[in-house]
Amino acid sequence: MKNVVESKNLSFSYNGILALSDINISIPQGKFVSIVGPNGAGKTTLLKIILGLIKNYSGTIKVFDKNPDEVDPALIGYVPQFKTMDRKFPAIAIELVASGIIRKWPWRIRGKSKQLAYEALSLVKSEHLAERSLSSLSGGELQRVCLARSFVRNPKLIVLDEPATGIDAIGESDLYNLLENYQSKSGATVLMITHDWHVALHHSDLVLLLNRRQIAFASPKEALSEDNLRIAFGHIGHQHNFRGEN
Ligand code: ADP
């Protein structure tokens, strides 16, 4: 099967300052892939390149066999960083979900878009939230609605940027269950940024460990070895947890 994302010697600098250096990855369809690294490691920059938002990189990258900015947007569902959400925005949940289909803000949702938005909410078991204002939702509820928005066009790649930030542990484990359900139904690929390597160890098929350069791209156990974590983070944090993992 073709790779969903494939890069060769991908590098990028902001005004001469290197943010990513020589990234070589091949992500097959249907895998759960985590991008792990400390703050400033280039994780978001890599995501922006994959989403076609940064174009002046060097090396090559293909997404669904195309240049990233030429990919059909319906193929990719994006869950942005939680902290970038404006909770005070005067909208209800179903409108946020429908904004994944309708490019301008869907103040009145009708017909097919309404049906698709409800179907997406049902995938995250949240039809009951449809009419609730965004400001009344808990962090976990809002994250489910954002997830529904990313599912609404039945994408083949879901991209998430630190999706667990700002939600509690129950909300977080819900999130991974919902993602895994969607994956098993749709065969989609999941690409998730996290600075939490414990999460990556538990939920991924493959891990890209980054600190501007590629430290490893391998199975979670191999990529997140003690040596690699030390190289990436300078220390490995809760070492006792790591030793206990399977
Ligand atoms: P991460 O997502 O891993 O925290 P980023 O990709 O956001 O890392 O950033 C990588 C590096 O690039 C950091 O040193 C950051 O300060 C720098 N950087 C990110 N965005 C910009 C920008 N728009 N202009 C200049 N430097 C940037």
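Source: prediction; values computed, not measured. (Residues numbered from 1 in each chain as written. Predicted model: local features only at pLDDT ≥ 70, side-chain atom pairs only at ≥ 80, totals over all residues. Heavy atoms only, no water.)

Draft legend 1. Broad picture of the confidence of the model for the chain. Mean pLDDT over the chain: 89, with 91% of residues reaching 70 or higher. Mean pLDDT across the elements of the chain ranges from a minimum in helix H9 (residues 239–244), with 41, to a maximum in strand E5 (residues 58–63), with 98. In the model, residues 238–246 has pLDDT below 50 throughout and makes 15 contacts with residues more than four positions away in sequence or in other chains. (pLDDT = per-residue confidence, 0-100. Helix = DSSP H or I, 4+ residues; strand = E, 2+ residues; numbered from the N terminus. Contact = heavy atoms within 4.5 Å.)

Draft legend 2. A look at the environment of Tyr-78. With respect to the element layout, Tyr-78 can be found in strand E6 (residues 76–79). Among residues more than four places away in sequence, those in contact with Tyr-78 are Leu-47, Leu-51, Arg-149, Ser-150 and Val-159.

Draft legend 3. Here's a closer look at the pairing of strand E1 (residues 3–14). With 3 bridges joining them, E1 and strand E3 (residues 26–28) adopt antiparallel strand pairing. If you follow Asn-3 over to E3, its bridge partner there is Pro-28. In the sheet, E1 pairs with strand E2 (residues 17–23) via 4 bridges, with the strands oriented antiparallel. Paired with Tyr-14 across the bridge in E2 is Ile-17. Hairpin connection of E1 to E2: 2 residues between the antiparallel strands, including Asn-15 at a positive phi of 45°. (Pairing = 2+ DSSP bridges.)

Draft legend 4. Representation of the nonpolar core in the model. Judged by nonpolar contacts, the single largest core of 37 residues is most densely connected at Val-97, Leu-121, Val-145, Leu-147, Leu-160, Tyr-176 and Leu-179. Per-element tally for this core: the top contributor is helix H4 (residues 139–151), with 6 residues. Once you skip the residues sitting within four places of it in the chain, Leu-147 turns out to touch Val-79, Val-124, Leu-160, Leu-175, Leu-178 and Leu-179. Counting 28 residues, the second-largest nonpolar core is a separate cluster that includes Leu-10, Ile-23, Ile-49 and Leu-191. (Core = buried A, V, L, I, M, F, W, Y, C linked by side-chain atoms within 4.5 Å. Buried < 20%, exposed > 50% of the residue type's maximum accessible area, 1.4 Å probe, protein only.)

Draft legend 5. Region of interest: the site of the ligand. Taken together, Tyr-14, Ala-19, Pro-38, Asn-39, Gly-40, Ala-41, Gly-42, Lys-43, Thr-44, Thr-45 and Arg-212 make up the full set of residues near the ligand. Measuring from an oxygen atom of the ligand, one finds a backbone N or O atom of Gly-42 at 3.0 Å. Here an oxygen atom of the ligand and a side-chain polar atom of Arg-212 are 2.6 Å apart. When isolated, the ligand has an accessible area of 560 Å², and the protein chains bury 58% of it. The element contributing the most residues to the shell around the ligand is helix H1 (residues 43–50), with 3 residues. Residue composition of the shell around the ligand, by class: 4 nonpolar, 5 polar and 2 charged. (Near = heavy atom within 4 Å. Polar contact = N/O pair within 3.5 Å; in protein donor to acceptor, adjacent residues only side chain to side chain. Areas by Shrake-Rupley, 256 points an atom, 1.4 Å probe, with all protein chains shown as cover. Nonpolar A, V, L, I, M, F, W, Y, C, P; charged D, E, K, R; others polar.)

Draft legend 6. Examining unusual backbone geometry more closely. Even without glycine at this site, Asn-9 takes up a positive phi of about 50°. Mapped onto the elements of the fold, Asn-9 is located in strand E1. The residue Glu-162 is not glycine, and still its phi comes out positive at about 45°. With respect to the helices, strands and loops of the structure, Glu-162 is situated in the loop between strand E7 (157–161) and helix H5 (169–186). The class for Glu-162 is buried, based on a relative accessible area of 9%.

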